[in-house]
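Listed here are the chains, written in short residue letters.
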Amino acid sequence: MKKNMITGSKLWSIAMITSLLAACSSPATTSTTANAATSTTGTTKTVSVSEQTSVKYADLVSLDADDTNISWSEADSTAIKLNGTTATVTGSGAKAANGSVTISEAGTYVLSGELTDGQIVVNVADKGIVHLVLNGATIHDNDSAAIYIQKAGKAVITLEKGTKNTVSDGKTYVYADATTDEPDAAIFSKADLTFNGAGQLTVTGNYNEGITSKDDLKIISGSISVKAADDGIKGKDMVAIQAGTITIEAEGDGIKSTNDTDTTKGYVAIAGGTFDIQSGNDGIQAETALVTDGGTYNIVTAGGSANAPAKVEEGPFGGGGGGWGGGTPPTDMGTPPDGEPPADMPEMPNSGTNAGANTNGAAASSSANTTTTTDNNADADTATTATESTSAKALKAGTDLTVNGGTYTIDSMDDSLHSNNDVTVNDGTFNIESGDDGIHADQALTINGGTITIAKSYEGLEGAIITLNDGDVDVTASDDGVNAAGGETETAANTAASTDSATTATDAATTSNISVTETTGTTSTTDQASQGTATTQQGRGPGGMGGAAASNNEFHINGGSLTVNAGGDGLDSNGSIDMTGGTVIVNGPTNSGNGALDYDGTFEISGGYLVAAGSSGMVQGTSDASTQNTIVMTFPATQKAGTLVHVQDSEGNNILTFAPAKDYQTVVVSSPDLAKDGSYVIYSGGTSTGKAVDGLYTDGTYSGGTQVVAFQSTSNVTWVNESGVTTANSGMGGPGGGRGQGGFGGGRNRSQSGTTSDSTVTTDSAK
């Protein structure tokens, strides 16, 4: 169904509006209430962060002897010779009349020749097995389905090896009466339908669909090419593909299942095969579960990511920098770059500082004080009007999407991988260009392995709970690289608070001319609303504007590697982040309205290696509760892309040698080699003889840099500028509290200092 959509990204919630307005006239709270929420519990769903969905093709699909039977003989079959508008039947069980052939008995029927305007009808009263062998057959019907399985226990169509077969229909169907709407595909079956064999089949559905089964649809083998005015291949209870070469050009969905009344059916399961799908809507869509074990996929939806609609970002500051905090703003901080998104990326409007803001500091809006409510099933951080756009996702599941392997090349106008519930990637190689999210799960997104390259997206990874256990993930996004947001509705503990906040925010918006946009379907964490800034400001600092309570969204990093290049936030969680292992590299935003790290709860790190570079307006480090140490360095001016930042300890051991891909002013580094009371030196510029992977150097020798600062760390999160250890609230402006560092503090009106170092440092490895 084609509909219109108006999207909005990074929409500010009612609670956020309330806290921002209140913070302008009152200091931030310092509540020490503990977070009483369980780490992964929503109102109706509990997800273990280590849960691995291991469902496979064999768990869903069973084959019988008839599904795989490709044998036949002249002695044991009925021959149907097609000739223009007539046919000759040799054998029993079938009759030709008025240009059509009706099969009324179970058995094997071998079709050859050409039928220019007629129909093959299967109508077996005892519901036996009908085996149709296409042995060089061309079948066309001008005003109905060319092959129509009205009644049978099962129909099996074998594509005889070495043959080419063609089935097509006309653009207009003639039905018995106005209430009849079936058949509606070139090959239409009311019974289970199976394709096998080693031949070729070309299907053209000029009227509506190419191949449709009202029960199970299985493809065991063969080369099948489908062109359809709507959906290419459709099964109701299941679509199961074991192997074969499938080529689809469809105005609607490429492959889909449709049973929405039985949760045990309506799935798509693929063991392997080669797929080339160009669809106007979704590439492969399952009403319930979608499982792929392997195969090679080339999928383009709705013309690709270049056709994606522009996203509209809204918020009190239009995505730009925040207000000034206490103290006098420095005059020598340098001018942050505009932060242009990568070429041909989905647009992230208002990416510049204060972009889109009106004279009152509110986001520009065509209708002030207008409230828009989002659809619960919409992607997080987006709002829709009463009408929705065409869904043009590459892989889409109504419940769970599980990928166990395969090679995927995807260019989608909409999300590339999408589930209304959970997405689990256990293995596979992905090359993704998306006009919206690279991978999106309404609930849990879990990556246990594979190589995932998201070369283009609006947001790279999105889900209510995101877990990276293993695998290599490389994300390029014009907005957030990783976004833990959305999910279940609010917990009961926060219902009353949200109601009160909504009333306050609505009243405040009226007087402040701020356009308030509500979002629904997001999750709030129990008791976190009472935390104030004790939790939400760990690693950030007071000042500026207060923040909203964190939700129970979570991002867990337990292993693997993650590289992010984001025009918006690098790693963004509406709740918390925890990291126990793996390597994370973030090239964050160049505008001051976003941060390389952005979380509303805590970011606790106990293992792994983290480096995050970006602008300074919304800088956050890790939380004080972390057991692994972190350094947060703010440079006095913007550093150019590719300028090395080097950190070494007092003995000359390398902690970090990194060349950010974009201009930057802050660098956050956390390593097992950092000590709470260690002595460190930070250099800028210079060269390294080591090998760089995603800008991070391992081994080799660093030399020729300029010493920026030498210091002694004083805590497990040490904030540093060119003068030495400082406090978190001495960074640049922007909404403080729950959404980043506070306003400009004192002691920042300094010029850059440092001496050129002629010493050389041997780099062992990046831990």
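Owing to the predicted nature of the structure, the values given are computational and were not obtained by experimental measurement. (Residues numbered from 1 in each chain as written. Predicted model: local features only at pLDDT ≥ 70, side-chain atom pairs only at ≥ 80, totals over all residues. Heavy atoms only, no water.)

**Remarks on the overall build of the protein**
Moving on, step 1. What the protein contains, in helices and strands, is five helices and 60 strands.
Moving on, step 2. Relative to its 767 residues, the protein shows a buried fraction of 57%.
Moving on, step 3. The long-range fraction of contacts in the protein, counting pairs at least 24 apart against all pairs at least 6 apart in sequence, stands at 63%. (Helix = DSSP H or I, 4+ residues; strand = E, 2+ residues; numbered from the N terminus. Buried < 20%, exposed > 50% of the residue type's maximum accessible area, 1.4 Å probe, protein only. Contact = heavy atoms within 4.5 Å.)

**Section: the pattern of salt bridges**
Moving on, step 1. Tallied over the full model, the rule gives ten salt bridges.
Moving on, step 2. One salt bridge in this structure joins Lys154 and Asp64, with 2.7 Å as the shortest N-O distance. With Lys154 in strand S10 (residues 154-159) and Asp64 in the loop between helix H2 (57-60) and helix H3 (65-68), the pair connects residues that are 90 residues apart, well separated along the chain.
Moving on, step 3. Classification of Lys154 by relative accessible area gives buried; the value is 7%. (Salt bridge = Lys/Arg side-chain N within 4 Å of Asp/Glu carboxyl O.)

**Here we look at the pairing of strand S7 (residues 120-123)**
Moving on, step 1. Pairing of strand S5 (residues 100-103) with S7 involves three bridges; the strand directions are parallel. Paired with Ile103 across the strands is Val122, a residue of S7.
Moving on, step 2. Pairing between S7 and strand S9 (residues 147-151): four bridges, direction parallel. Opposite Val121, over in S9, you have Tyr148 as the bridge partner. (Pairing = 2+ DSSP bridges.)

**Details of unusual backbone geometry**
Moving on, step 1. Cis geometry marks the peptide bond from Glu182 to Pro183; its omega dihedral reads 0°.
Moving on, step 2. One can find Pro183 in the loop between strand S11 (164-169) and strand S12 (185-189).
Moving on, step 3. Non-glycine residue Ala302 carries a positive phi angle of around 50°.
Moving on, step 4. By relative accessible area, which is 19% here, Ala302 ends up buried.

**Thoughts on the packing of aromatic side chains**
Moving on, step 1. Considering all chains together, one arrives at eleven aromatic pairs under this definition.
Moving on, step 2. Ring centres of Tyr599 and Phe603 lie 5.9 Å apart, and the angle between their planes is 90°; on these two criteria the pair is classed as edge-to-face. No difference in accessibility class separates Tyr599 from Phe603, as the two residues are buried.
Moving on, step 3. With 6.0 Å between their ring centres and 55° between their planes, Tyr683 and Tyr702 make a pair best called tilted. Of this pair, Tyr683 sits in strand S51 (residues 679-684) while Tyr702 sits in strand S55 (residues 701-703); the two residues are 19 residues apart in sequence, bridging distant segments of the chain.
Moving on, step 4. Since its relative accessible area comes to 6%, Tyr683 is described here as buried.
Moving on, step 5. An aromatic cluster is defined as three or more aromatic residues linked by ring pairs; in this entry it consists of Phe275, Tyr297, Tyr408 and Phe430. (Phe/Tyr/Trp six-rings, centres within 6.5 Å; stacked < 30°, edge-to-face > 60°.)

**Examining the environment of Thr166**
Moving on, step 1. By secondary structure assignment, the location of Thr166 is in strand S11.
Moving on, step 2. A relative accessible area of 30% places Thr166 in the partly exposed class.
Moving on, step 3. For the pair formed by Thr166 and Gln200, sequence separation is 34 residues and the distance between their alpha carbons is 8.4 Å.
Moving on, step 4. The contact partners of Thr166, leaving out residues within four places of it in the chain, are Ala137, Thr138, Ile139, Leu201 and Thr202.

**Topic: the side chain of Asp184**
Moving on, step 1. Along the chain, the position of Asp184 falls in the loop between S11 and S12.
Moving on, step 2. Buried and unpaired, Asp184 has no salt bridge, with Lys234 as the nearest side chain of opposite charge at 4.9 Å.
Moving on, step 3. When sequence neighbours within four positions are dropped, the list of residues in contact with Asp184 reads Tyr173, Tyr175, Tyr207, Asn208, Glu209 and Thr212. (Lys, Arg positive; Asp, Glu negative; His and termini not counted.)

**Looking at the confidence of the model for the protein**
Moving on, step 1. Chain-level pLDDT for the protein is 78 on average; 70% of the residues reach the 70-or-more range.
Moving on, step 2. This model gives residues 346-388 a pLDDT under 50, and the stretch forms 131 contacts once residues within four places in sequence are excluded.
Moving on, step 3. Within the model, the stretch residues 729-767 combines pLDDT values under 50 with 185 contacts to residues more than four positions away or in other chains. (pLDDT = per-residue confidence, 0-100.)

**Concerning the environment of Leu401**
Moving on, step 1. Here Leu401 lies in strand S29 (residues 401-403).
Moving on, step 2. The exposure class assigned to Leu401 is buried, which follows from its relative accessible area of 0%.
Moving on, step 3. Placed 18 residues apart in sequence, Leu401 and Ser419 show a C-alpha to C-alpha distance of 5.9 Å.
Moving on, step 4. Residues in contact with Leu401, not counting those within four places in the same chain, are Leu290, Leu395, Leu417, His418, Ser419, Asp422, Val423 and Thr424.

**Topic: the pairing of strand S13 (residues 192-197)**
Moving on, step 1. In terms of burial, S13 is a largely internal element, five of the six residues being buried.
Moving on, step 2. Both S13 and strand S16 (residues 216-219) contribute to a ladder of three bridges, which runs parallel. Opposite Leu193, over in S16, you have Leu217 as the bridge partner.

**Things to note about the environment of Gly304**
Moving on, step 1. Turning to its location among the elements, Gly304 is positioned in the loop between strand S26 (296-301) and strand S27 (312-313).
Moving on, step 2. For Gly304, a relative accessible area of 0% translates into the label buried.
Moving on, step 3. Considered as a pair, Gly304 and Ala392 are 88 residues apart in the sequence and their alpha carbons are 8.9 Å apart.
Moving on, step 4. Not counting residues up to four positions away in its chain, the partners in contact with Gly304 are Asp411, Ser412 and Met413.

**Some words on the side chain of Asn196**
Moving on, step 1. Position of Asn196 among the secondary structure elements: in strand S13.
Moving on, step 2. Relative accessible area serves as the criterion here: at 1%, Asn196 is assigned to the buried category.
Moving on, step 3. There is a polar contact of 2.9 Å between the side chain of Asn196 and the backbone oxygen of Asp67.
Moving on, step 4. When sequence neighbours within four positions are dropped, the list of residues in contact with Asn196 reads Asp66, Asp67, Thr68, Asn69, Ile70, Val156, Ile157, Thr158, Leu159, Ile220 and Ser221. (Polar contact = N/O pair within 3.5 Å; in protein donor to acceptor, adjacent residues only side chain to side chain.)

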